[in-house]
Amino acid sequence: MALLSVRDLTQRFSGLTALDDVSFDVEEGAIVGLIGPNGAGKTTMINLITGICRPTSGDILFGGKSLVGRKPHQIARDGIGRTFQQIRLFDQLSVVENVMVGMDSHLRTSYGAAVLDLPSVAREEAKMRADALTLLAEGRGGLEAFSERRAGELPYADKRRLEIVRALATRPRLLLLDEPAAGMALQEIRNLVHDLLRIRSKGTTIILIEHKMRLIEGVTDKVIVLDYGRKIAEGSFDEIRRDARVIEAYLGRGYANAGAEEN
Ligand SMILES: Nc1ncnc2c1ncn2[C@@H]1O[C@H](COP(=O)(O)OP(=O)(O)OP(=O)(O)O)[C@@H](O)[C@H]1O
């Protein structure tokens, strides 16, 4: 059984069909790319999976159970984490605190104990800090070296990487990334390829929206291509880059043989 199964999903916004009868499966342990031109419906797909919007019709099954009608916080607890196109860090908090904020839903200490400042709260916080530092240390060029710096002071690419670490703090089974390589230079994308493969090797399934084909080529097992809300292709990057409809709608002619070297 697929970990995630999107079935006949349609989303209309007053007259505009953002997604039109889209179906695909994501197998456990896969890294799946979601690509297509601006306005194709990629972010809408992530918003439906995470419960921000309710689909006009169709279904989304996660571990065999429908997500439709569930609230975003319930879906996060079900095991789906995400990052956003626009960075959403707490700039005034330290790097490690940003990751700890992401762990809140796992905090077992009660509100009452927190108000009374009981030792159990201090123990819980120390454990969260240690777990957050472990997560920060796992990426290439470990972010843990900057753990006490304010997030707002980090270079741009590290902010994006910190967002991913924070999304991992909820220990998701499925991680949804909305343009994680936006604004990154070549070496930073290489580091991100390494980070994503490592995250997958630890058991997290990933769906990523991305315009940087170098990242899509470097990490994905399968790519879904959307155009005007419709799925126009599905296959390995090698397959879809030779697909006439994908070349026409999105990639352009240079891709069929050249690959992602220039992008
Ligand atoms: N809440 C909304 N209300 C009305 N229209 C919306 C809403 N959300 C998205 N749309 C429209 O749905 C279409 C798909 O948008 P979406 O953001 O999903 O595209 P995208 O593929 O993520 O594009 P990009 O690559 O530019 O981020 C667009 O025409 C957009 O204007």
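Residues numbered from 1 in each chain as written. Predicted model: local features only at pLDDT ≥ 70, side-chain atom pairs only at ≥ 80, totals over all residues.

- In the annotation of an unreviewed UniProt entry, the protein chain is listed under the name Amino acid/amide ABC transporter ATP-binding protein 1, HAAT family and assigned to Bradyrhizobium canariense.
- For the protein chain, the Function (unreviewed entry) comment in UniProt is given as "Involved in beta-(1-->2)glucan export. Transmembrane domains (TMD) form a pore in the inner membrane and the ATP-binding domain (NBD) is responsible for energy generation." (UniProt positions renumbered as here; feature names shortened; annotations may be inferred.)

**A word on the overall build of the protein chain**
Then step 1. In terms of regular secondary structure, the protein chain is built from 11 helices and 10 strands.
Then step 2. Looking at the protein chain alone, contacts between residues at least 24 apart form 65% of all its contacts between residues at least 6 apart. (Helix = DSSP H or I, 4+ residues; strand = E, 2+ residues; numbered from the N terminus. Contact = placed C-beta atoms within 7 Å.)

**Comments concerning the pairing of strand 4 (residues 57-62)**
Then step 1. As judged from the five bridges shared by strand 1 (residues 4-13) and strand 4, these two strands associate in the antiparallel manner. Its bridge partner lying in strand 4, Leu4 is registered against Phe62.
Then step 2. By the bridge criterion, two bridges tie strand 4 to strand 5 (residues 65-66) in an arrangement that is antiparallel. Its bridge partner being in strand 5, Leu61 is matched across the sheet by Ser66. (Pairing = 2+ DSSP bridges.)

**Observations regarding the sheet that holds strand 9 (residues 222-227)**
Then step 1. Spatial strand order, 6-7-8-3-9-10: six strands in an open sheet with mixed pairing. Here the strands that pair on one side only, and so sit at the sheet edges, are strand 6 (80-82) and strand 10 (230-235). Across the sheet, the mean angle from the axis of one strand to that of its neighbour is 20°, orientation sign disregarded.
Then step 2. With four bridges connecting them, strand 3 (residues 31-35) and strand 9 associate as parallel partners. Along strand 9, the bridge assignment pairs Gly33 with Val223.
Then step 3. Along the sheet face, helix 7 (residues 186-201) touches strand 3, strand 7 (174-178) and strand 8 (205-209) and points at about 150° away from the line of strand 8.
Then step 4. The strands touched by helix 10 (residues 244-251) are strand 3, strand 9 and strand 10; relative to strand 10, the strand with the most contacts, the crossing angle is about 120°. (Axes fitted to C-alpha atoms, helices over the stretch in contact; angles between N-to-C directions.)

**Some words on the sheet that holds strand 2 (residues 16-26)**
Then step 1. Taken together, the four strands give an open sheet; going across it, the order is 2-1-4-5, and neighbouring strands pair in antiparallel fashion. Strand pairing shows two members of the sheet lacking a second neighbour, strand 2 and strand 5, which therefore form its edges.

**As for the nonpolar core**
Then step 1. Counting 66 residues, the largest nonpolar core has Leu34, Val165 and Val225 as the members making the most contacts within it.
Then step 2. Broken down by element, this core gets its largest block of residues, six residues, from helix 6 (residues 156-168). (Core = buried A, V, L, I, M, F, W, Y, C linked by C-beta atoms within 7 Å. Buried ≥ 20, exposed ≤ 12 C-beta atoms within 10 Å, placed from the backbone.)

**Here's the deal with the pairing of strand 2**
Side-chain direction in a regular strand flips from residue to residue, so the side chains alternate between the two faces of the sheet.
Then step 1. As paired strands, strand 1 and strand 2 are joined by seven bridges and run antiparallel to one another. Residue pairing across strands places Phe13 opposite Leu16, the latter belonging to strand 2.
Then step 2. In sequence, strand 1 turns back onto strand 2 through a hairpin of two residues, with Ser14 there showing a positive phi of about 25°.

**A few points about the site of the ligand**
Then step 1. All residues adjacent to the ligand are Phe13, Leu16, Ala18, Gly36, Asn38, Gly39, Ala40, Gly41, Lys42, Thr43 and Thr44.
Then step 2. Breaking the shell around the ligand down by element, the ones donating at least two residues are strand 2 and helix 1 (42-49).
Then step 3. Tallied by class, the residues present in the shell around the ligand amount to four nonpolar, six polar and one charged. (Near = placed C-beta within 6 Å. Nonpolar A, V, L, I, M, F, W, Y, C, P; charged D, E, K, R; others polar.)

**A look at the environment of Asp243**
Then step 1. Note on placement: Asp243 falls in the loop between helix 9 (237-240) and helix 10.
Then step 2. Residue Asp243 is classed as buried on the basis of its C-beta count, with 20 C-beta atoms lying within 10 Å.

**Remarks on helix 3 (residues 95-102)**
Then step 1. Those residues of helix 3 that fall on the buried side of the exposure criterion are Val95, Val96, Asn98, Val99 and Gly102. Seen along its axis, helix 3 keeps its buried residues to an arc of 160°; they face one direction. (Arc of directions from axis to C-beta.)

**A few points about the confidence of the model for the protein chain**
Then step 1. Scored by pLDDT, the protein chain has a mean of 88; 88% of the residues are at 70 or more.
Then step 2. Per-element confidence in the protein chain is highest for strand 4, whose mean pLDDT is 98, and lowest for helix 4 (residues 111-115), whose mean pLDDT is 58.
Then step 3. For this predicted complex, the interface score ipTM comes out at 0.95, while the overall pTM is 0.89. (pLDDT = per-residue confidence, 0-100.)

**Side note on helix 1**
Then step 1. Most of helix 1 sits out of view: seven of its eight residues are buried.
Then step 2. Buried within helix 1 are the following residues: Lys42, Thr44, Met45, Ile46, Asn47, Leu48 and Ile49.
Then step 3. Positioned one or two residues after helix 1, Gly51 has a phi angle of 80°, which is positive.

**Some thoughts on unusual backbone geometry**
Then step 1. Phi is positive for Ser14, which is not a glycine, with a value near 25°.
Then step 2. Mapping Ser14 onto the fold places it in the loop between strand 1 and strand 2.

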